Amino acid sequence: MSDNGLRLLVAEYRLLYRALKHFEGHLESLSVSADDEDEQLEHDEDLQTLEGLIRSVVIAAKTDYSVEID
């Protein structure tokens, strides 16, 4: 995140992390309850993308402030 010129406050990193983790739970629920394989695959792909985003937030908080947020 800091590589793109975006530097958040520690509280903002924590809030973003919690929001992403909440959404991750929602996507997992959608994936499990999907009506067909295509829908499940779409949610699983979103989950993979989201996992990368969550890792990026954790790394950025560590890089910018030496803070562990996970």
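(A) Looking closely at the overall build of the protein chain. Along the protein chain, the regular secondary structure elements total two helices and zero strands. Its C-alpha atoms give the protein chain a radius of gyration of 14 Å, more than 25% over the compact-globule value 11 Å for 70 residues. Its C-alpha atoms give the protein chain principal-axis dimensions of about 45 × 20 × 15 Å. Per-residue burial over the protein chain gives 27% buried out of 70 residues. Restricting the contact set of the protein chain to residue pairs at least 6 apart, pairs at least 24 apart contribute 60%. Accessible area for the protein chain stands at about 5000 Å²; split by element, carbon and sulfur atoms hold 50% of it. Of the charged side chains in the protein chain, 6 are positive and 17 negative; the average position of the first set lies 17 Å away from that of the second.

(B) Region of interest: unusual backbone geometry. Phi at S66 is positive, roughly 55°, even though this residue is not glycine. Given the relative accessible area of 60%, S66 is considered exposed.

The rules we used
One numbering rule holds for all chains: residues counted from 1, following each sequence as written. Local features in a predicted model are, by the rule used here, given only for residues with pLDDT of at least 70; side-chain atom pairs are given and counted only at 80 or more, and totals for whole chains, interfaces and linings are based on all residues. Excluding hydrogens and water, the side-chain figures rest on all heavy atoms present in the structure. By definition, any uninterrupted DSSP run of H or I lasting at least four residues is a helix, any uninterrupted run of E lasting at least two residues is a strand, and each is numbered from the N terminus. Only C-alpha atoms enter the radius of gyration; for comparison, a globular chain is expected to reach 2.2 Å times N to the power 0.38, where N is the number of residues. Only protein chains enter the calculation, and the probe is 1.4 Å; a residue is then buried if its accessible area is under 20% of its type maximum, exposed if over 50%, and partly exposed in between. Two residues qualify as a contact provided that any one of their heavy atoms is within 4.5 Å of a heavy atom in the partner residue. Working definition of accessibility: Shrake-Rupley area with a 1.4 Å probe, residue cover restricted to the visible protein chains. In this count, Lys and Arg are taken as positive residues and Asp and Glu as negative ones, while His and the chain termini are left out. To locate a charge, take NZ of a lysine, CZ of an arginine, CG of an aspartate or CD of a glutamate.

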